[in-house]
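Chain and residue survey
The primary structure of each chain is shown beneath.
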Amino acid sequence: MDLRIFTEPQQGATYDTLLTVAKATEDLGFDAFFRSDHYLRMGSSDGLPGPTDAWITLAGLARETRRIRLGTLMTAGTFRLPGVLAIQVAQVDQMSGGRIELGLGAGWFEDEHKAYGIPFPKEKFGRLQEQLEIVTGLWETEPGKTFDYQGTYYQLTDSPALPKPAQARIPVLIGGHGAVRTPRLAARHADEFNIPFASVEDSARQFGRVRAAAEEAGRPAGDLVYSNALVVCVGRDEREIARRAAAIGREVDELRANGLAGSPAEVVDRIGRYAEIGSQRIYLQVLDLADLDHLELISSQVQSQLP
């Protein structure tokens, strides 16, 4: 079971804060540092000092880390044209020495689009499908050849399909709760399928749909990595658990029911339940980025107990 650190910088974080967390992620033996791709805070947070751009952040971290994987859960397809995104991700992959992964989603948070003047199209899923075809098609085009694409939403003509990423294939993550179109899209394009903030039971059902879609598409279901994203709140005792829950504005009972919360032993046991239904990787949503002791505790007393 891989454990990855997943942050939500739109709630309020500077680049320096994210760098500190990324370096702790690397030093403490976690597999990867991921971040969301949002431009507006959610809930009651003031969001200060303001949003940071996901791919600018990852470009900086690519030069200031050495081992950990870096990526997004999820880049919003509405934020960037697919040709531009292919260039950005390939360049950051080069900058990292081949450690980048691209989580790509349709985009859903209409208010952030209004706040920053970003068009919010009615039809997003069809655009996402074309974006995936274009981004991966550009990367896969042989050097010296050109890439053309004529879709409903995007058209590319005589693209040199450059630059190329450092990796032969940048892993692509697709996720969500959709019962029909999402599994089919993942079966066609994803290296990893991620389900966010879902119970063991709901995760098992969705993993089953993705496995079935892969088999229907003529692809072995085991070709994909299956993962979860879950909020984390671990404490050495009930007082510490309550303090960490209060710091992120959540209730302990709710966190225990819907995330990975409790003592290290409790969290190890709950992770085991996800592993039993086929989850191979968990993105730990860390909301208090100033609490580096939390990461150290997870590393020493949770991660160390996992197979």
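An account of the accompanying structure is given in this report. (Residues numbered from 1 in each chain as written. Predicted model: local features only at pLDDT ≥ 70, side-chain atom pairs only at ≥ 80, totals over all residues. Heavy atoms only, no water.)

Before going further, it helps to examine helix 7 (residues 200-216). For helix 7, which comprises 17 residues, the first-to-last C-alpha distance of 24 Å matches the rise-based estimate of 24 Å (1.5 Å per residue) to within 8%. Taken together, the buried residues of helix 7 touch helix 6 (181-189), strand 9 (192-196), strand 10 (225-234) and helix 10 (264-276). Of the residues flanking the end of helix 7, it is Gly218, one or two places downstream, whose phi is positive at about 80°. (Helix = DSSP H or I, 4+ residues; strand = E, 2+ residues; numbered from the N terminus. Expected span 1.5 Å × (residues − 1). Contact = heavy atoms within 4.5 Å.)

What follows covers the layout of surface pockets. Computed from the structure, the largest pocket encloses a volume of approximately 1200 Å³. For the lining of the largest pocket, the element with the highest residue contribution is helix 6, accounting for 3 residues. Partitioned by chemical class, the residues of the lining of the largest pocket number 24 nonpolar, 19 polar and 6 charged. The computed volume of the second largest pocket comes to approximately 170 Å³. The wall of the second largest pocket is formed by 14 residues, among which Gly77, Thr78, Pro121, Arg127 and Tyr154 lie closest to the centre. The element that contributes the greatest number of residues to the lining of the second largest pocket is helix 5 (residues 125-140), accounting for 3 residues. Among the residues forming the lining of the second largest pocket, the class breakdown is 7 nonpolar, 4 polar and 3 charged. (1 Å grid on protein atoms, 1.4 Å probe; cavity = no way out; pocket = protein on both sides within 12 Å on 5 of 7 lines; lining within 4 Å. Points joined across faces, edges and corners; volume = space filled by probe spheres on them. Nonpolar A, V, L, I, M, F, W, Y, C, P; charged D, E, K, R; others polar.)

What follows covers the pattern of salt bridges. For the coordinates displayed, the defined rule picks out 24 salt bridges. The closest approach of N and O atoms between Glu110 and Lys114, which form a salt bridge, is 4.0 Å. Remark: Lys114 and Glu110 occur in helix 4 (residues 110-116); sequence separation between them is 4 residues, near one turn of the helix. Owing to a relative accessible area of 37%, Glu110 belongs among the partly exposed residues under this scheme. (Salt bridge = Lys/Arg side-chain N within 4 Å of Asp/Glu carboxyl O. Buried < 20%, exposed > 50% of the residue type's maximum accessible area, 1.4 Å probe, protein only.)

A few words now on the pairing of strand 1 (residues 2-7). Judged by how many residues are buried, strand 1 sits mostly within the fold: 5 of 6 residues are covered. The pairing of strand 1 with strand 12 (residues 281-286) spans 6 bridges and is parallel. Its bridge partner being in strand 12, Asp2 is matched across the sheet by Arg281. Note that the unit made of strand 1, helix 1 (residues 15-27) and strand 2 (residues 32-35) has a crossover that is right-handed. (Pairing = 2+ DSSP bridges. Right-handed = clockwise from strand over helix to strand, strands pointing away.)

With respect to the helices and strands, the residue Ala59 is situated in helix 2 (residues 54-64). The spatial distance from the C-alpha of Ala59 to the C-alpha of Ser96 is 7.7 Å, given a sequence separation of 37 residues. In contact with Ala59, not counting residues within four places along its chain, are Val92 and Met95.

Looking now at the pairing of strand 10. Here strand 10 lies mainly inside the structure; 9 of its 10 residues are buried. Pairing geometry for strand 9 and strand 10, over 5 bridges, is parallel. Counted as the bridge partner of Phe193 is Tyr226 from strand 10. With respect to chirality, the unit in which strand 9 leads through helix 7 into the neighbouring parallel strand 10 is right-handed. Pairing between strand 10 and strand 12: 5 bridges, direction parallel. The partner of Leu230 across the bridge, within strand 12, is Leu284. Here strand 10 runs beside strand 11 (residues 260-262); their pairing, made up of 3 bridges, is parallel. Of the residues in strand 11, the one forming a bridge with Val234 is Gly262.

Considering all chains together, one arrives at 7 aromatic pairs under this definition. Residues Phe34 and Tyr283 carry aromatic rings whose centres are separated by 5.0 Å and whose planes lie at 70° to one another, so their mutual orientation is edge-to-face. Placement of Phe34 in strand 2 and of Tyr283 in strand 12 is noted, with a sequence separation of 249 residues between them. Owing to a relative accessible area of 0%, Phe34 belongs among the buried residues under this scheme. (Phe/Tyr/Trp six-rings, centres within 6.5 Å; stacked < 30°, edge-to-face > 60°.)

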